[in-house]
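# An overview of the molecular structure
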Amino acid sequence: MSEQERTFVMVKPDGVQRGLIGDVISRFEDRGLKLVAAKFKQIDRDLAEEHYGEHEDKPFFDGLVDFITSGPVMAMVWEGQDAVRQVRGMMGETDPAESAPGTIRGDLGLDLGRNVIHGSDHEDPGSNEREIELFFDDEELVDWERVDETWLYE
Ligand code: UDP
């Protein structure tokens, strides 16, 4: 088995309200990724502003913070080989309208500001660790083995 990696994923308020949590989780489970933490929670503005801090100067920042705090989210950590990049690939492009069918945003969304899911950025090394730490305590990350791991990896 090659080196395992963890990535932070969040079903955003639109995905929760639209009943898409199960669909999103199924895609990652079916792919062979392993869930190591999950938390259904209402984000407050401080956490939202910290999580999206890189965008604080952007015109869409206030609307983004309003949106992400507008209802509960499903925050998760998924583990697997090359997990950060693979999850980004499964998510599609930032804009659902530009996302290929078969991707989460390409199958489940239409609008840039309502794109269903967040996932750590593989082009921003360390963002996965930062985001995991922001949402989870160390003891909330569960070390366990999937029974099919020997069939998923050479
Ligand atoms: N976003 C937006 N308007 C924009 C660009 C981004 O509302 O013009 C939102 C969108 O929800 C996106 C989030 O801001 O998911 C963070 O943007 P980023 O570029 O980091 O995209 P992501 O990593 O989510 O694909």
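The structure displayed is predicted, hence computed values, not measured ones. (Residues numbered from 1 in each chain as written. Predicted model: local features only at pLDDT ≥ 70, side-chain atom pairs only at ≥ 80, totals over all residues.)

## Let's talk about the site of the ligand
Around the ligand, the surrounding shell consists of F60, L64, T94, L112, G113, N115, H118 and D121. Of the residues assigned to the shell around the ligand, the class counts are three nonpolar, four polar and one charged. (Near = placed C-beta within 6 Å. Nonpolar A, V, L, I, M, F, W, Y, C, P; charged D, E, K, R; others polar.)

## Points about the pairing of strand β3 (residues 73-81)
When you tally the buried positions in β3, you get seven out of nine residues, the bulk of the element. As defined by bridge partners, strand β1 (residues 4-11) adjoins β3 across eight bridges and the pair is classed as antiparallel. When the sheet's bridge partners are listed, E5 is paired in β3 with G80. For strand β2 (residues 34-41) and β3, the ladder comprises seven bridges, and the chain directions are antiparallel. Its bridge partner being in β3, K41 is matched across the sheet by V73. (Buried ≥ 20, exposed ≤ 12 C-beta atoms within 10 Å, placed from the backbone. Helix = DSSP H or I, 4+ residues; strand = E, 2+ residues; numbered from the N terminus. Pairing = 2+ DSSP bridges.)

## Some points on the UniProt feature "binding site: ATP" (unreviewed entry) in the protein chain
Residues given the UniProt feature "binding site: ATP" (unreviewed entry) here are K12, F60, R88, T94, R105 and N115. Tracing the chain through its elements places K12 in the loop between β1 and α1 (13-17). By the C-beta count within 10 Å, which is 24 here, K12 ends up buried. Beyond its immediate chain neighbours, meaning those up to four positions away, K12 contacts I68, V73, V116, I117 and H118. With respect to the secondary-structure elements, F60 resides in the loop between α3 (45-51) and α4 (61-68). (UniProt positions renumbered as here; feature names shortened; annotations may be inferred. Contact = placed C-beta atoms within 7 Å.)

## Section: the nonpolar core
Judged by nonpolar contacts, the single largest core of 26 residues is most densely connected at V9, M10, V11, W78 and I117. Elements supplying a minimum of two residues to this core: β1, α2 (21-31), α4, β3, α5 (83-91) and α6 (104-108). Per-element tally for this core: the top contributor is β3, with six residues. When neighbours within four sequence positions are excluded, I117 is seen to be in contact with V9, M10, V11, K12, G15, V24, M91, I104 and R105. (Core = buried A, V, L, I, M, F, W, Y, C linked by C-beta atoms within 7 Å.)

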